[in-house]
Amino acid sequence: KAWLHRDDDKIPQVVKPELAQVLGESPKLAKLVTMREELRGLWTRTGVSAEQLVADLQAWCKKAEESGIAGLQDFALKLRAAHA
């Protein structure tokens, strides 16, 4: 649980097999972690126009809203509200 909020490159190698097992047992948790990594990837890109970033964030929000995971849906709504 302590490692789920960390970026993948910050998770110690010795913890990764256990984390992978937990994610394998929980599809919703795995989806949450995957979506978090996707958002981090969008946010940390360089050389992308503001228009492209907005389009990519809107696509991520749509995917999050359709995920069926309340936490992702709520976060997507907050992102959309912040952009409006």
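Rules of the game
- Residues numbered from 1 in each chain as written.
- Predicted model: local features only at pLDDT ≥ 70, side-chain atom pairs only at ≥ 80, totals over all residues.
- Heavy atoms only, no water.
- Core = buried A, V, L, I, M, F, W, Y, C linked by side-chain atoms within 4.5 Å.
- Buried < 20%, exposed > 50% of the residue type's maximum accessible area, 1.4 Å probe, protein only.
- Helix = DSSP H or I, 4+ residues; strand = E, 2+ residues; numbered from the N terminus.
- Contact = heavy atoms within 4.5 Å.
- pLDDT = per-residue confidence, 0-100.
- Axes fitted to C-alpha atoms, helices over the stretch in contact; angles between N-to-C directions.
- Parallel < 35°, antiparallel > 145°, perpendicular 65-115°, else oblique.
- Nonpolar A, V, L, I, M, F, W, Y, C, P; charged D, E, K, R; others polar.

Moving on, we get to the nonpolar core. Formed by Met-35, Leu-39, Leu-42, Leu-57, Trp-60, Cys-61, Ala-64, Ile-69, Leu-72 and Ala-76, the largest nonpolar core amounts to 10 residues. Ranked by residues supplied to this core, first place goes to helix H3 (residues 50-65) with four residues. Excluding residues within four positions of it along the chain, Leu-72 makes contact with Leu-32, Met-35, Trp-60, Ala-64 and Ser-67.

Take the confidence of the model for the protein next. Scored by pLDDT, the protein has a mean of 85; 89% of the residues are at 70 or more. When mean pLDDT is compared element by element in the protein, H3 scores highest at 94, while helix H1 (residues 16-25) scores lowest at 83.

This next bit is on the packing of helix H2 (residues 27-44) against H3. Packing of H2 against H3 brings their axes to within 10 Å, and their N-to-C directions diverge by 170 degrees. As the angle between them shows, H2 and H3 are arranged roughly antiparallel. Of the residues in H3, those in contact with Lys-31, Met-35, Glu-38, Leu-39, Leu-42 and Trp-43 of H2 are Leu-53, Asp-56, Leu-57, Trp-60, Lys-63 and Ala-64. For the contact of H2 with H3, a count of residues per class yields eight nonpolar, no polar and four charged.

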